[in-house]
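Structural features, examined
So you can see what is in the structure, the chains are spelled out below.
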Amino acid sequence: MDTDRLITIAIHTFEKAQIIKGVLESEGIPTVIQNVNLIQPVISSGVRVRIHERDLPHALQVLEEYPLLKDDRSYEEPVERLNRILIPVDYSSYSYHACQIGFNLAKTLGAEVMLLHVYFSPYFPGAIPITDTFTYEISEDEAFKQVFERANKETASFTEKLNKQIAEGKLADVKFDIALQEGIPEDEIIQYAKEYNPLIVIMGTRGKDQKEQDLIGSVTAEVLDSIRCPVFAIPENTPVLSMDQVKNIAFFIAFEQKELIALDMFMRLMKPFSFAVSLIHIANKQDEWDEIKMAGIKDYFVKNYPGKEVSCETIQNEDFLSDIETVVRNKNIDVLVLASRKRNIFARLFNPSIAHKMLFHTDTPILTIPS
């Protein structure tokens with residue numbers, strides 16, 4: 001391992017990045033902050049906080065205990081979510097693909113649609129070192145103006161495209177609005193979802209051909225790990241355009257009690273659609289109790305969701321990602337469904353969630369349900 005290699009531990013606004021830098025350096029951890037290219041932004045926008053790889057364990061311990069990375073805004077989980085669908089967009093081709101599925105789902109559920117675009121407005125105090133990502137000088141006011149104008153121009157163009165597709169019958173005819181938010185994409189999406197309270201969040205991704213950046217995680221991965229409502233991640237290359245096309249779903253279970261809550265939430269959300277469900281358990285070793293527990297879950301399913309086709313299978317875990325691909329191929333799976341739990345920064349980095357791992361290695365849509 002190259003312990004002198006610089007890695008990005010966080011991306012934040014300049015103010016937060018400076019605070020993190022101060023906190024880490026007060027603990028003896030050398031820290032560098034760098035700007036992200038605003039002309040051709042990568043997955044996340046803001047200011048990078050970078051440290052030596054050898055300092056990562058110590059830095060994580062410091063940040064885990066520091067309240068800056070915690071959401072201190074009070075929030076109570078609502079008893080019932082509103083009939084709304086939230087679709088974060090960056091106006092890419094995979095954002096449009098997410099809109100195709102989202103609009104079709106909204107049409108079936110009679111739901112309203114909100115598109116959310118998060119843009120980053122730069123702040124250029126003289127203390128920020130100019131790196132090779134910035135090769136020009138520009139005033140702060142002019143930078144704000146250019147970014148805001150670009151966001152509005154892209155929004156108008158995307159709206160025109162969607163309305164044209166609706167008029168031509170290529171997109172489900174539903175009413176939609178677009179909200180513009182300034183900030184860090186993953187932070188704003190998570191907070192907006194808390195306030196908007198949608199049935200589901202639908203996000204486009206690049207799929208398995210995307211390359212993970214040196215940033216730890218991506219916008220979609222962060223949302224999957226942190227949000228407390230169902231999230232549907234739609235890879236760019238998936239052939240699925242509508243839930244009506246979905247015939248086979250794999251629901252992964254680990255025999256935890258809360259998974260039944262997630263299963264019920266999923267079945268109620270997708271009640272209008274017809275599909276077969278495969279209950280899949282990936283076991284580390286052969287255990288006869290797994291078969292007994294699987295039979296119990298199947299009985300629960302048959303009793304509570306009459307008329308739905310269900311099958312069960314336990315797979316020995318040899319190569320996790322390969323096992324998933326085998327399930328998808330052998331059972332013609334159209335959508336992968338997993339129960340998810342909000343996890344802290346340690347878990348996200350050193351024990352990535354199943355959904356997070358799969359996000360970068362599959363072109364099959366992934367639906368996570370909070371448990």
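None of the values given here were measured: they were computed from a predicted structure. (Residues numbered from 1 in each chain as written. Predicted model: local features only at pLDDT ≥ 70, side-chain atom pairs only at ≥ 80, totals over all residues. Heavy atoms only, no water.)

1. Structural notes on the pairing of strand 5 (residues 112–119)
Buried residues dominate strand 5, accounting for seven of its eight residues. The pairing of strand 4 (residues 84–88) with strand 5 spans five bridges and is parallel. Residue pairing across strands places Ile85 opposite Val113, the latter belonging to strand 5. The handedness of the strand 4 to strand 5 crossover, carried by helix 3 (residues 93–109), is right-handed. As defined by bridge partners, strand 5 adjoins strand 6 (residues 176–182) across seven bridges and the pair is classed as parallel. Following the sheet pairing, Val113 is matched in strand 6 by Phe176. (Buried < 20%, exposed > 50% of the residue type's maximum accessible area, 1.4 Å probe, protein only. Helix = DSSP H or I, 4+ residues; strand = E, 2+ residues; numbered from the N terminus. Pairing = 2+ DSSP bridges. Right-handed = clockwise from strand over helix to strand, strands pointing away.)

2. Brief notes about the pattern of salt bridges
Applying the stated criterion across every chain yields a total of six salt bridges. Arg268 serves as the salt-bridge partner of Asp264, at 2.9 Å between the closest nitrogen and oxygen. Of this pair, Asp264 and Arg268 both sit in helix 7 (residues 258–269), four residues apart, which is roughly one turn of the helix. Taking relative accessible area as the criterion, Asp264 reaches 25% and is therefore assigned partly exposed. (Salt bridge = Lys/Arg side-chain N within 4 Å of Asp/Glu carboxyl O.)

3. A few points about the packing of aromatic side chains
The description of an aromatic ring pair rests on the distance of the ring centres and on the angle between the ring planes. Counted by the stated rule, this structure contains eight aromatic pairs. On the basis of an interplanar angle of 45° and a centroid distance of 5.7 Å, the ring pair of Phe266 and Phe275 is categorised as tilted. In this pair, the class of Phe266 matches that of Phe275, namely buried. Arranged with centres 6.3 Å apart and planes meeting at 75°, the rings of Tyr300 and Tyr305 form a pair that is edge-to-face. According to the relative accessible area criterion, Tyr300 is partly exposed, its value standing at 27%. (Phe/Tyr/Trp six-rings, centres within 6.5 Å; stacked < 30°, edge-to-face > 60°.)

4. A short note on the sheet that holds strand 6
Pairing within the open sheet is mixed, and its ten strands lie in the order 6-5-4-7-8-13-12-9-10-11. The sheet terminates laterally at strand 6 and strand 11 (310–316), the two strands that pair on one side only. Across the sheet, the mean angle separating the axes of adjacent strands is 25° when strand polarity is ignored. Bridge count for strand 8 (residues 231–235) against strand 13 (residues 366–370) is three bridges, and the pairing is antiparallel. Following the sheet pairing, Phe232 is matched in strand 13 by Leu367. The sheet contacts of helix 9 (residues 320–331) involve strand 9 (248–252), strand 10 (276–283), strand 11 and strand 12 (335–340), and relative to strand 10 the element is tilted by about 155°. (Axes fitted to C-alpha atoms, helices over the stretch in contact; angles between N-to-C directions. Contact = heavy atoms within 4.5 Å.)

5. Here we look at the side chain of Asp55
Within the element layout of this structure, Asp55 appears in the loop between strand 3 (47–52) and helix 2 (56–64). A residue is classified by how much of its surface remains accessible, and Asp55, at 14% relative accessible area, is buried. The residues contacting Asp55, other than those within four sequence positions of it, are Ile29 and Pro30.

6. Concerning the side chain of His117
Counting through the fold element by element, His117 comes out in strand 5. You can call His117 buried: its relative accessible area is 7%. Looking at His117, its side chain comes within polar contact range of the main-chain oxygen of Val89, at 3.0 Å. If near-sequence neighbours (up to four positions away) are discounted, His117 is found in contact with Val89, Asp90, Tyr91, Ala151, Glu154, Ala179, Leu180 and Gln181. (Polar contact = N/O pair within 3.5 Å; in protein donor to acceptor, adjacent residues only side chain to side chain.)

7. Observations regarding the environment of Pro30
Relative to the elements of secondary structure, Pro30 occurs in the loop between helix 1 (14–26) and strand 2 (31–35). Note on Pro30: relative accessible area 41%, which makes it partly exposed. Spatially, the C-alpha atoms of Pro30 and Arg50 are 8.8 Å apart, while their sequence positions differ by 20 residues.

8. Structural notes on the environment of Lys298
With respect to the helices, strands and loops of the structure, Lys298 is situated in helix 8 (residues 288–304). Here Lys298 falls in the partly exposed class, since its relative accessible area comes to 35%. Measuring from C-alpha to C-alpha, the distance between Lys298 and Val310 comes to 7.5 Å, with twelve residues separating the pair along the chain. Lys298 has contacts with Leu279, Val310 and Cys312, leaving out every residue within four places of it along the chain.

9. Side note on the packing of helix 5 (residues 185–196) against helix 6 (residues 219–226)
A pair of packed helices is characterised by two quantities: the angle between their axes and the separation of those axes. Taken N-terminus to C-terminus, the directions of helix 5 and helix 6 make an angle of 35°; their axes are 9 Å apart at the nearest point. Crossing hand, helix 5 versus helix 6: right-handed. Seen from helix 5, the contacting residues are Pro185, Glu186, Ile189 and Ile190; seen from helix 6, they are Val219, Glu222, Val223 and Ser226. (Left-handed = near helix turned anticlockwise from the far one by under 90°.)

10. Some points on the nonpolar core
Soluble, globular proteins show a tendency: their nonpolar side chains are buried together. Formed by 51 residues in total, the largest nonpolar core has its most connected members in Ile87, Phe103, Leu115 and Phe266. Those residues in contact with Ile87 that sit more than four places away from it in its chain are Ala98, Cys99, Gly102, Phe103, Val113, Met114, Leu115, Leu116 and Ile202. (Core = buried A, V, L, I, M, F, W, Y, C linked by side-chain atoms within 4.5 Å.)

11. As for helix 5
Every α-helix carries 3.6 residues per turn, so stepping three or four residues along brings you back to the same face. Along its twelve residues, helix 5 runs 16 Å from first to last C-alpha, staying within 8% of the 16 Å computed at 1.5 Å per residue. In terms of residue burial, helix 5 counts as a mostly covered element, since nine of its twelve residues are buried. When helix 5 is considered as a whole, its buried residues turn out to be Pro185, Glu186, Ile189, Ile190, Gln191, Tyr192, Ala193, Lys194 and Tyr196. Backbone geometry just after helix 5 places Asn197 at a positive phi near 60°. (Expected span 1.5 Å × (residues − 1).)

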